[in-house]
Amino acid sequence: KMIVMSLLAAIIPMALYLVLLWKFDKYEPEPLKLVIFHFIWGASVSIFLGIAGSKFLSIPLELFLIIPEKISFIQIILIAPIVEELSKGILLFRTKNDMRFNTLIDGLVYGGAIGLGFGMTENFLYFITFGDTIQNLIWLIAIRSGFSAVMHGLATASFGALLSVSKYSGDRNKKIMVLVGLIIAVSIHFIWNFSVSFSNTFLFGIFFILTIIGIFLAVFVFSLRFEKRIIKDKLSDEIPERFILILTSTFRNSKGWFIEKYRKQFITASINLAFRKRELELSSKKMEVYIDDVEKLRNRVLELLQLNNKVENNI
C-alpha cells in the first residue's frame, strides 16, 4: 500500500508540472513526444548516471574519511550538485543541435522536463525509503514535490536556457554561455542542498526556491514577449498585418479568421517561418538547411494565403 501511494505521489505532481511547462510555450509548442522523452531520460538514464557518478567520486572520501556523517555531508553538498546537473544536462547537448531547439523557451522546456523526470524518480526513492509512516510520507510529499523536485526542474531549465543562447553565439561566447549555465544549475542545487541540511537555514532554502520560481516565471514571460516581437518583425513582409495581429494573440485559436481546414497549418508554418528567418540571420554560418527551410515555409505560407483568398473571394 505504501509503495503504491509513494509511486502515485511521485508521478502525479511531476506529470502536472510537465503539462504546465509544455503549455507555457504558446507560440511554438515543442512536440509532446519529445518533451516526454526528455522527462523519461531524466527519470531513468540521468538517475543512473547520477548514482554511478556519485559512487565513483565518493571513493576517495571513503578511503580518507572514516566518519560516515562527514562523507554523507560532502556527498550531498558538493558531489551531488555537480554530478547530478551534469547527468541531467548531458542530453541537452544533443537536443541543442535539433532545429526545433531554437528559442530560450525551448531550453527552459526541455531542461525543465529532464529535471522534473529526475525529481520524480528521486522522490519515489525517498518516499519508499523514509516514508515509513503516513505522517512522514505526507511531510516528504509536501517538501519534495513542492520544492526539492521543483529545484531539479529549475536548475536544469536554467542550463537549457543558456544552451539555447549559446546556439547562436560566437565560438568564444558559446563556451562561456555553456559554462555559465552549468554554474547556475550547480549553484541552485548547492544552495538548496546546503540550506535544507540545517534546521536554522531550512526556511532560507524555501524562500530561495520560491525566489527562483519567481525569476523563472519572469524569464518565461519576457521570452514570450520577445517571441511575439520576432513574429511581428519577421512576418511583416510575408503576410498581411491583420493575420500577424491574430497570430500574436489568443484569437489564433478561434475559428473564422482563416479557412478552418488549413488554419492550424497556417499558424504553424507562419510562426516557424518567423523563427527560421531569425535563426538564419543569427547563424554565423548561413547553413543550407536553414535557407532551404525558410524557402519551403515561405512557399507553404504563400500557398495557404492563396487558398484562403480564393475562399474569401467566392463568399
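Up top is the structure.
Residues numbered from 1 in each chain as written. Predicted model: local features only at pLDDT ≥ 70, side-chain atom pairs only at ≥ 80, totals over all residues. Heavy atoms only, no water.

The next point concerns the overall build of the protein. A count of helical and extended segments in the protein gives 11 helices and zero strands. Tracing the protein from N to C terminus, the helices and strands come up as α-α-α-α-α-α-α-α-α-α-α. The dimensions of the protein, computed from C-alpha atoms along their principal axes, are 80 × 45 × 30 Å. Burial analysis of the protein (315 residues in total) assigns 47% to the buried set. Intrachain contacts of the protein at a sequence separation of at least 6 include 73% that bridge at least 24 residues. As displayed, the protein offers around 16800 Å² of accessible surface, 69% of which is attributable to carbon and sulfur atoms. For the protein, the distance from the average site of its 35 positive side-chain charges to the average site of its 26 negative ones is 2 Å. (Helix = DSSP H or I, 4+ residues; strand = E, 2+ residues; numbered from the N terminus. Buried < 20%, exposed > 50% of the residue type's maximum accessible area, 1.4 Å probe, protein only. Contact = heavy atoms within 4.5 Å. Areas by Shrake-Rupley, 256 points an atom, 1.4 Å probe, with all protein chains shown as cover. Lys, Arg positive; Asp, Glu negative; His and termini not counted. Charge placed at Lys NZ, Arg CZ, Asp CG, Glu CD.)

Here we take up helix α2 (residues 32–43). For α2, with 12 residues, the first-to-last C-alpha span of 16 Å sits near the 16 Å given by 1.5 Å per residue. Packing partners of the buried residues in α2 comprise α1 (2–24), α3 (45–64), α4 (68–95) and α5 (104–130). (Expected span 1.5 Å × (residues − 1).)

For the rest of this paragraph, the subject is the nonpolar core. In this structure, L235, I239, W257, F258 and F266 are the most contacted members of the largest nonpolar core, which totals 72 residues. If we ignore the near neighbours within four places in the chain, the residues touching F258 are F243, R263, F266, L304, L305 and N308. (Core = buried A, V, L, I, M, F, W, Y, C linked by side-chain atoms within 4.5 Å.)

Residues V4, L7, L8, I11, I12 and L16 make up a contiguous nonpolar surface patch of roughly 530 Å² in combined accessible area. Mapped onto the elements of the fold, L16 is located in helix α1. (Patch = residues over 30% accessible without salt bridge, like charges linked within 9 Å, V, L, I, M, F, W, Y side chains within 5 Å. Salt bridge = Lys/Arg side-chain N within 4 Å of Asp/Glu carboxyl O.)

What follows covers a positive patch on the surface. Taken together, K26, R225, K228 and K232 make up a surface patch of like positive charges. Tracing the chain through its elements places K26 in the loop between α1 and α2.

We now examine the packing of α5 against helix α8 (residues 202–235). Running from N to C, α5 and α8 cross one another at 140°; their axes reach a closest spacing of 9 Å. Relative to α8, the element α5 is oriented oblique. Of the residues in α8, those in contact with L104, I105, L108 and V109 of α5 are F216, V219, F220, S223, L224 and E227. Residues belonging to the contact of α5 with α8 are distributed by class as follows: eight nonpolar, one polar and one charged. (Axes fitted to C-alpha atoms, helices over the stretch in contact; angles between N-to-C directions. Parallel < 35°, antiparallel > 145°, perpendicular 65-115°, else oblique. Nonpolar A, V, L, I, M, F, W, Y, C, P; charged D, E, K, R; others polar.)

This part covers α3. With 20 residues, α3 extends 30 Å between its outermost C-alpha atoms, agreeing within 8% with the 28 Å of an ideal straight helix rising 1.5 Å per residue. The largest bend in α3 comes to about 35°, at S58, with the proline P60 one to four residues further on. Within α3, the full set of buried residues consists of S46, I47, G50, G53, S54, S58 and L61. Against α2, α4 and α5 lie the buried residues of α3. (Bend = angle between axes of the 7 residues up to and from the residue.)

Below, the discussion takes up the pattern of salt bridges. Two side chains that carry opposite charge are able to pair once their charged atoms sit near each other. Per the stated rule, a full pass over the model turns up 12 salt bridges. Salt-bridge contacts for R263 lead to E260; the nearest nitrogen and oxygen are separated by 3.0 Å. On the basis of relative accessible area, R263 is assigned to the buried category, the value being 5%. Between E295 and R298 there is a salt bridge, with its nearest N and O atoms 3.6 Å apart. Taken together, the positions of E295 and R298, both in helix α11 (residues 288–314) and three residues apart, correspond to about one turn of that helix. The exposure class of R298 is partly exposed, given its relative accessible area of 28%. A single network of salt bridges, built from pairs that share partners, joins D237, E238, K277, E295 and R298.

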